[in-house]
Amino acid sequence: MANLWNVFLDFRFILWEGVLETLYMSFVSVTLAYAIGLPLGIWLFVSYPDGLMPNRFVNKILGGLINTVRSVPFLIMVIILIPFTRMIAGTAIGSTAAIVPLVIASAPFVARMVEATMNEMDAGVIDAAKSMGATNYQIITKVMIPESIPSIIRGFSITAIMMISFSAMAGAVGAGGLGRIAIRYGYQRWQSDVMILSVILIVIIVALVQFLFNTIAAKLDKRLV
């Protein structure tokens with residue numbers, strides 16, 4: 001343990017930089033993924049045959065596209081998207097470049113989580129809004145989304161944790177963060193103590209993210225009041 005502490009002191013600046021890069025990649029990716037996945041999930045839900053705006057063709061095409069993207073392993077997706085990533089970010093390596101495949105990998109996951117959340121909603125709430133003459137837009141923005149906020153926030157934490165894991169994997173193909181440090185020092189230079197420290201920091205970040213968003217969701221959940 002004392003040796004591990006000494007290693008931490010020696011590498012504290014590198015590790016701190018890795019923590020910041022991991023947080024940057026993860027939370028920017030999650031935010032952008034929700035900006036894309038939230039409307040996709042809502043669109044999936046309302047386009048059901050018995051939904052607010054039924055459209056079987058749109059629902060099937062959108063569902064098939066989401067399932068296809070979700071089925072591609074992340075590391076393979078990173079490689080496939082290298083030309084697109086270079087076009088968007090100007091480079092295919094580094095923390096900013098990693099955000100592109102992270103967003104594309106996580107947006108379909110977010111869409112399916114939002115769809116599942118909407119499915120769990122009490123249909124009577126939507127029916128009541130319809131009977132009061134609310135438009136589809138009003139039902140979506142003033143009923144469906146507010147009722148789903150606690151579950152969406154919990155989903156945000158799940159997605160953020162997934163992104164932390166994916167960002168660590170992206171370190172194997174040139175991304176920054178703690179994953180890059182673990183691979184560079186733990187694997188390539190056989191410094192297992194640095195790898196252990198990187199893993200410990202990732203675990204701490206995951207635990208803090210889980211606690212923070214679960215606490216926020218619990219405070220917003222009217223069912224627990």
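Heads up: the structure comes first, above all this text.
Residues numbered from 1 in each chain as written. Predicted model: local features only at pLDDT ≥ 70, side-chain atom pairs only at ≥ 80, totals over all residues. Heavy atoms only, no water.

**Let's talk about the overall build of the chain**
Looking only at helices and strands, the chain has nine helices and zero strands in total. Its helices and strands taken in sequence order, the chain reads α-α-α-α-α-α-α-α-α from the N to the C terminus. In terms of overall dimensions, the chain has C-alpha extents of about 70 × 45 × 25 Å along its principal axes. Here the chain holds 225 residues, and 45% of them are scored as buried. By sequence separation, contacts in the chain at least 24 residues apart represent 75% of the contacts at least 6 residues apart. Within the structure as shown, the chain displays about 12200 Å² of accessible surface, and the carbon and sulfur contribution to it stands at 69%. The chain carries 15 positive and 11 negative side-chain charges, and their two centres are separated by 5 Å. (Helix = DSSP H or I, 4+ residues; strand = E, 2+ residues; numbered from the N terminus. Buried < 20%, exposed > 50% of the residue type's maximum accessible area, 1.4 Å probe, protein only. Contact = heavy atoms within 4.5 Å. Areas by Shrake-Rupley, 256 points an atom, 1.4 Å probe, with all protein chains shown as cover. Lys, Arg positive; Asp, Glu negative; His and termini not counted. Charge placed at Lys NZ, Arg CZ, Asp CG, Glu CD.)

**Some details on the nonpolar core**
By size, the foremost hydrophobic cluster in this structure holds 56 residues, and its most contacted members are Met144 and Leu178. Secondary structure elements with two or more residues in this core: α1 (2-46), α3 (74-80), α5 (95-119), α6 (123-131), α7 (136-170), α8 (178-188) and α9 (192-220). Among the elements that make up this core, the one with the highest residue count is α7 (15 residues). (Core = buried A, V, L, I, M, F, W, Y, C linked by side-chain atoms within 4.5 Å.)

**Focus: the pattern of salt bridges**
It is possible for side chains of opposite charge to pair when their charged atoms get near one another. Counted by the stated rule, this structure contains two salt bridges. For the salt bridge of Arg112 with Glu115, the shortest nitrogen-to-oxygen distance reads 2.7 Å. With Arg112 and Glu115 both in helix α5, this residue pair falls three residues apart, about one helical turn. Of the two residues, Arg112 and Glu115, neither departs from the other in class, the shared state being buried. (Salt bridge = Lys/Arg side-chain N within 4 Å of Asp/Glu carboxyl O.)

**Here's the deal with the environment of Ile42**
Its location among the elements puts Ile42 in helix α1. Along the sequence, Ile42 and Ala123 sit 81 residues apart, while their C-alpha atoms lie 15 Å from each other. Residues in contact with Ile42, not counting those within four places in the same chain, are Val114, Met118, Ile140, Met144 and Ile145.

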